[in-house]
Amino acid sequence: MLLHVPGILSKSDVAALRARLDVADWKDGRITAGHQSGQVKRNAQLADDDPLARELGDQILAALARNATFFAGALPRRIFPPLFNRYEGGQAFGIHVDNAIRYDRTKADAPPLRTDLSATLFLAEPDEYDGGELVVEDAFGSHSIKLPAGDLALYPASSLHEVRAVTRGARVASFFWIQSFVRSPSQRRLLFDLDVSIQGLAARAPDAPEFVRLTGVYHNLLREWADA
Ligand code: NI
């Protein structure tokens, strides 16, 4: 499932982040790439132990924690500390799959994280740059994604994906991975559809007895499928 989560950050939050990021200490993006992806990755990135990345990453984690749609779609058990990248002057990230396991090298005692979901939080408006689409492949074909600043794209970390060359301006984004309570994409999808349907029922018929029963079904399915 590809999920667009609008408004993770407000426009003023984005502007405040960008003011810091536009003068940040950008490095070669291959610092976090695996062997295959390192051969096709051309961009700039903040080092994962850059204090600015950790500070802004914590702001993003706080914003994610307030977002019900993100929670319903990802069912996050753990979130990798957000990283930041920038593409300009023809830079691109060719087709690849993200590493299955990530290690937070900034914390000695952090357990490894299984990447169930990949996330891109757009921090530049679409009219600031040409190209730079996130293209994700699934069973239905290729999906080209270019979202407003402050919006999030969530997609299965198992999917082949790429970032097309940026031919004008700069594409700035935060990216991170999520280990979900529910490992299976199809089970996550069912839970998300059920959750959205229950929310709709709650809005239209809050006194319906089915509301309580369906809420129970949701939590009992989650109990069956979650690894906690
Ligand atoms: Ni990737």
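Residues numbered from 1 in each chain as written. Predicted model: local features only at pLDDT ≥ 70, side-chain atom pairs only at ≥ 80, totals over all residues. Heavy atoms only, no water.

1. Here's the deal with the domain arrangement of the chain
Its domain assignment divides the chain into domain 1 (3-180) and domain 2 (185-225). Between the C-alpha centres of domain 1 and domain 2 the distance comes to 30 Å. Summing both sides of the interface, domain 1 and domain 2 together bury roughly 600 Å²; the carbon and sulfur share of this comes to 70%. Taken together, the connections running from domain 1 to domain 2 amount to zero salt bridges. Across the domain 1-domain 2 interface, the total number found is zero residue pairs in polar contact (both at pLDDT 80 or more). The element best represented in the side of domain 1 that touches domain 2 is helix 4 (residues 68-74), accounting for four residues. (Domains from an automatic or database assignment. Buried area = accessible area lost by both parts, 1.4 Å probe. Salt bridge = Lys/Arg side-chain N within 4 Å of Asp/Glu carboxyl O. Polar contact = N/O pair within 3.5 Å; in protein donor to acceptor, adjacent residues only side chain to side chain. Helix = DSSP H or I, 4+ residues; strand = E, 2+ residues; numbered from the N terminus.)

2. Let's talk about unusual backbone geometry
One non-glycine residue, leucine 75, lies in positive phi territory at about 45°. Residue placement: leucine 75 occurs in the loop between helix 4 and strand 4 (76-79).

3. So, the layout of surface pockets
Regions of empty space are outlined by a rolling probe, equal in size to a water molecule, passed over the atoms. Considering only enclosed or pocket space, the largest pocket measures out at about 190 Å³ in volume. The set of elements that each furnish at least two residues to the lining of the largest pocket consists of strand 11 (134-138) and helix 5 (185-204). Of the residues belonging to the lining of the largest pocket, the class tally is seven nonpolar, two polar and three charged. (1 Å grid on protein atoms, 1.4 Å probe; cavity = no way out; pocket = protein on both sides within 12 Å on 5 of 7 lines; lining within 4 Å. Points joined across faces, edges and corners; volume = space filled by probe spheres on them. Nonpolar A, V, L, I, M, F, W, Y, C, P; charged D, E, K, R; others polar.)

4. Looking at the packing of aromatic side chains
As enumerated under the stated definition, the model contains two aromatic pairs in all. Relative to tryptophan 177, the ring of phenylalanine 80 lies with its centre 5.5 Å away and its plane at 75°, an arrangement referred to as edge-to-face. Of the two residues, phenylalanine 80 is situated in the loop between strand 4 and strand 5 (83-88) and tryptophan 177 in strand 16 (residues 170-180); the sequence distance between them amounts to 97 residues. Using a relative accessible area of 7% as the deciding quantity, one classes phenylalanine 80 as buried. The class for tryptophan 177 is buried, based on a relative accessible area of 5%. Of the aromatic side chains, those joined through ring pairs into one cluster are Phe80, Phe175 and Trp177. Its end group placed over the ring of tryptophan 177, arginine 102 keeps NZ or CZ at 4.2 Å from the ring centre. The ring of tyrosine 129 is capped by lysine 146, whose NZ or CZ atom sits 4.3 Å from the centre of that ring. (Phe/Tyr/Trp six-rings, centres within 6.5 Å; stacked < 30°, edge-to-face > 60°. Buried < 20%, exposed > 50% of the residue type's maximum accessible area, 1.4 Å probe, protein only. Lys NZ or Arg CZ within 6 Å of the ring centre and 35° of its normal.)

5. As for the nonpolar core
Core analysis: the biggest nonpolar cluster contains 32 residues, and Ile8, Leu21, Phe70, Phe84, Leu123, Leu152 and Leu154 have the highest contact counts within it. Elements with a minimum of two residues in this core: strand 1 (3-5), helix 1 (11-21), helix 3 (51-65), helix 4, strand 9 (117-122), strand 13 (152-156) and strand 16. It is helix 3 that contributes the most residues to this core, six residues altogether. (Core = buried A, V, L, I, M, F, W, Y, C linked by side-chain atoms within 4.5 Å.)

6. Focus on helix 5
Helix length check: helix 5 (20 residues) gives 29 Å between terminal C-alpha atoms against 28 Å at 1.5 Å per residue, within 8%. As for helix 5, its buried residues are in contact with strand 1, helix 4, strand 9, strand 16 and helix 6 (209-225). (Expected span 1.5 Å × (residues − 1). Contact = heavy atoms within 4.5 Å.)

7. A closer look at the environment of serine 180
With respect to the secondary-structure elements, serine 180 resides in strand 16. On a C-alpha basis, the gap between serine 180 and aspartate 227 in space is 8.5 Å, while along the polypeptide they are 47 residues apart. Other than its neighbours up to four places away in sequence, serine 180 contacts Ala74, Leu75, Pro76, Arg77, Arg114, Asp116, Leu117, Arg188 and Asp227. Within polar-contact distance, the side chain of serine 180 engages the backbone oxygen of leucine 75 at 3.1 Å.

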